[in-house]
Structure formats: structure tokens, C-alpha cells
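Residue-level listing of the chains:
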Amino acid sequence: MRLTLNGKRARVDVHPLKRLLDVLREDCRLTGTKEGCGEGECGACTVLVDGAPVNSCLVPAVHVDGARVTTIEGLGGRHRLQRAFVEHGGAQCGICTPGMIMAAVALRRKPSLEEIKVGLSGNLCRCTGYSAIYRSIRKAR
Amino acid sequence: MPLHRLLRDLPIDSKGAMTGSIANRILLQPRSLSDALKMLRDEGPLTPLAGCTDLYVSLNFGTLKETRFLNLWGLDALRTIDVGRDVLRVGALATHTDLIRSKHVQQRLPMLVAAAREIGGVQIQNRGTIGGNVANASPAGDTLPVLAVADAVVVLQSAGGSRRVPFNEFYTGYRQTVRRGDELIAGFEIASLRGRQWFRKVGTRAAQAISKVVIAGVKDDEVRLALGSVAPTVIRARRTEAVLARGASIEDAQQTLLDELSPIDDLRSTAAYRRRVAANLLAGFLAS
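Residues numbered from 1 in each chain as written. Chains lettered and ligands numbered in written order. Predicted model: local features only at pLDDT ≥ 70, side-chain atom pairs only at ≥ 80, totals over all residues.

1. A few points about the packing of helix α9 (residues 238-245) of chain B against helix α10 (residues 250-260) of chain B
Residues and elements named next belong to chain B.
Working step 1: Running from amino to carboxyl end, α9 crosses α10 at an angle of 160 degrees, the nearest separation of the two axes being 8 Å. By the angle between their axes, α9 is roughly antiparallel relative to α10. Relative to α10, α9 is oriented so that their crossing is right-handed. Every residue of α10 that contacts α9 at Arg 239, Thr 240, Val 243 and Leu 244 is listed here: Asp 252, Ala 253, Thr 256, Leu 257 and Glu 260.
Working step 2: Classifying every residue of the contact of α9 with α10 by side-chain character gives four nonpolar, two polar and three charged. (Axes fitted to C-alpha atoms, helices over the stretch in contact; angles between N-to-C directions. Helix = DSSP H or I, 4+ residues; strand = E, 2+ residues; numbered from the N terminus. Parallel < 35°, antiparallel > 145°, perpendicular 65-115°, else oblique. Left-handed = near helix turned anticlockwise from the far one by under 90°. Contact = placed C-beta atoms within 7 Å. Nonpolar A, V, L, I, M, F, W, Y, C, P; charged D, E, K, R; others polar.)

Here it is, written out as C-alpha cells:
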């Protein structure tokens, strides 16, 4: 199976039904993507497939054959959103943070607070740090 | 209530492996719709697999019994949304995001846009499909009351041809449909609707919640109503529609509606709450 992973061509040899989440973490050694609930509720495993946020725990590997996949590692560590989350307290325990940031990457420029809330409605923060997360995104986007 | 998401609640076998294993499962990969229909005929039984937003929840929790799957995701012919002869045609693989963004759906069936917006969050909307929502056959499916109230037609295809089934005859019982094992849901046809369209979903929170009650209505000279999560299948409230057509008061219509519902207590809500909310929603719709 071939895909473009974080801008680079990649080949993986996996069962077609293996979860994208497990392909990323086990086969590609990209452990920035987290597993929270395993049922599409929490958004911790959010990555972009062809630019659109998806829950990687619900995507079979075969569905990204030929696709562009972007994970938190693909942002490079110095992305505006990543810096803003650090500077404005957007990360508390951190488990939801990669998913929050990947959902935020897909927002349009200068989103309204309402657009941020809708765009992140599929991401849960158990520390309930939503205000700081929204503030971080508003500063960065 | 079980403590969800704790390891001891997950189905783990004696070797410590999750029973949601994929090792013994196989996936057939058709290159075209006709290829897929032949596989269903010759190599079945197969479980069609589209956006996986329901199927993978069962897989991850070890409750998925099926072992042979048919990958529909690449069949772009089933993804189109268009209008022909004044009929809106929605391909089964149209995602909820596709429905929200479609000009045709926005113009002709805004209550379907409203329903799609309330399904899951953006991540689920980007993968979940309308065909999957219907095929999954949950009585809580959010697009189902819309299709019921719009008198949609389900287009079923098999290698032998196609047939059209009124959506309101598609379900025969709890999670039971008239779809045969060799058939695929190809899409839905929705004739032009007159009158005001209305959709409401009541859940624990706005996003990522399964409905306690979901309702769609159309109000023109007459009123049409359909509800989900209040019976073993989505239902059209035909008796309530009939009493309203005869000029019943809101209170009488509510009483008739309550007689038509058969909700249950489950982990999301109680039968009593669902009845109360359904009656309140009806009053809100009629008064608006």
C-alpha cells in the first residue's frame, strides 16, 4: 500500500483492515497520534486524510491507499498552532492535544469562535480546558 | 451502567489480545460497481463496508461477528448528488459532509443538511455515509426521519438489476431491512417537496451524541411527521398526521402521537422522557 505520509512517499505492508491509527503508531512509528476511546467519540486520534480530519481509529488502512495523510508529526513541532497551544495554555494533560491541533489545522483562516467550536465538536478534552484551547486557536489562525 | 473504556470492560481473550482482531477477516476489493455486485452474488455473504464509522466501533469493541467484507469506499459512481426530472438523487456513498455542502441538498432538502450537521463531529461527518446510516438500520439514525418524511425511495441494485423500494417500507423490524444479501443500496431518490421542512434532534449534547429523540416534519396544507429512537424502527406518525388533517388541536395531536410511539428505557434515556420530549417537539413544530 502506498500513501503520502507527512509529505513523503511511504509504503506499508499491512492487513487492509488494520486501523489507520495502528498503522501510524506501530508500522510507521508515529506515536504522536493518540488512542482515546476507540469508538469515534473523543477525536484524540484525529489525522488529516487528503486534508480532511478523520478519526484514524475508524479508518481501515485500505482507505488511505494513494491518499495524503498528515499527522501531528507532519506539522514539524514549530507550527503556529503548536506554539500557540504552548503559549496560551491550550495543552493540559496533553492526550487530546494532537487531535485538537489536527482538527484546528483544517479550519479556515480567521475562524469565528462558533466555527472553532463546530470544527472541534468531535474532540473531547477530559481536563475540560476548552476555553484555553479556543483561545490558542484564535491566536494562531 | 458499565464503566466504558476501561480495559477490563474490553473483550480480551485469554492471551490478552483484543477479540476485535482482523487477522481472520478478509476484504474483497471491487474495481467497479458491477464488479461489486458480481462479488455479492458469487462470493457472498459479504458485509458492505463504506465509511466504517459504525462498523469499526463494533470491530474495536469485539462485537463484530462478520468476517467477510466488501469495500465500497472507492466506488465513486455511488457518491454523486444530482437532480434529474425534478427528483433529487443522492448516492449511497455521499458523506454527511457532502450532504452539508451540496447546493442541491441545501435547496431542495434543507432538513437533510440540518440532520447531517448534527451527526457526530466533523471527523464522523467526513467519513460516515447516508447509505451506511440507512443500512446500519439503527432506530436512532439521524437521517432516517428525514428520508421517511420526504417519502424517499431506496434504489437497490444487484447483478440482476435494480428495484426501487419506498423508504417507509424499507425496514421490517428492529435492525431488519428488505435488502437482500446480493443487493447494495445504490442511493436515494427524493421528489420535490412543498412546504416548510423542520428537523430536531434531542441528545445529551449537541455533537457526538446518539439521539434520545429525533424528529423531522414537513408542513404545507397538511403535516407530515417522522420520528426516530421512539420505536424499533424509524416511524411515520400516520395517525397523528391524519388527526391533524382533520383539524385536531395540538393537545389531541400530542395524545395521538403518544399512542403511536413505543419507546424503551435504555442507557441513553427512558421511555417516559422520550414520550414527553416527542410530544413537546410536536407542539413546538405545530406552533412555529
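Moving on, there is more to tell.
2. Some points on helix α5 (residues 110-117) of chain B
Working step 1: For α5(B), the full list of buried residues reads B:Met111, B:Leu112, B:Ala115, B:Ala116 and B:Arg117.
Working step 2: Next to the buried residues of α5(B) lie α3 (96-101), α4 (103-108), α6 (122-127), α8 (144-149), β11 (196-202) and β12 (213-219) of chain B. (Buried ≥ 20, exposed ≤ 12 C-beta atoms within 10 Å, placed from the backbone.)

3. Looking at the interface of chain A and chain B
Reports often express the size of an interface as the amount of accessible area lost when the parts come together.
Working step 1: With 26 residues of chain A at the interface, the matching set in chain B holds 22 residues.
Working step 2: The element contributing the most residues to the side of chain A that touches chain B is strand β4 (residues 52-55) of chain A, with four residues.
Working step 3: Each residue belonging to the side of chain A that touches chain B can be placed in one class, and the counts come to twelve nonpolar, eleven polar and three charged.

4. Quick notes on the domain arrangement of chain A
Residues and elements named next belong to chain A.
Working step 1: Once the domains are mapped, chain A shows domain 1 (2-74) and domain 2 (76-140).
Working step 2: Between the C-alpha centres of domain 1 and domain 2 the distance comes to 20 Å.
Working step 3: Counting residues at the interface gives 16 residues for domain 1, matched by twelve residues for domain 2.
Working step 4: A total of three residues in the side of domain 1 that touches domain 2 trace back to one element, the largest contributor, which is strand β3 (residues 46-49). (Domains from an automatic or database assignment.)

5. Examining the sheet that holds strand β6 (residues 153-158) of chain B
All names here are of chain B.
Working step 1: Here five strands make up an open sheet; going across it, the order is β4-β5-β10-β6-β7 and the pairing antiparallel. Whereas interior strands pair on both sides, the edge strands pair on one side only; in this sheet they are β4 (81-84) and β7 (161-166). Pairs of neighbouring strands in the sheet enclose a mean axial angle of 25 degrees, with direction left out of account.
Working step 2: As judged from the four bridges shared by β4 and strand β5 (residues 87-91), these two strands associate in the antiparallel manner. Counterpart to Asp 82 in the pairing with β5 is Arg 89. (Pairing = 2+ DSSP bridges.)

6. Regarding the domain arrangement of chain B
Working step 1: Assigned domains of chain B: these are domain 1 (7-71), domain 2 (76-191) and domain 3 (196-287).
Working step 2: With centres defined by C-alpha atoms, the gap from domain 1 of chain B to domain 3 of chain B works out at 34 Å.

7. So, the environment of A:Ile101
All names here are of chain A.
Working step 1: Within the secondary structure, Ile 101 sits in helix α3 (residues 97-105).
Working step 2: Ile 101 gets classed as buried once you count the C-beta atoms within 10 Å, which come to 25.
Working step 3: Residues Ile 101 and Arg 80, 21 residues apart in the sequence, show an inter-C-alpha distance of 10 Å.
Working step 4: For Ile 101, the residues in contact, after removing those within four places along its chain, are Ile 72, Leu 81, Gln 82 and Phe 85.

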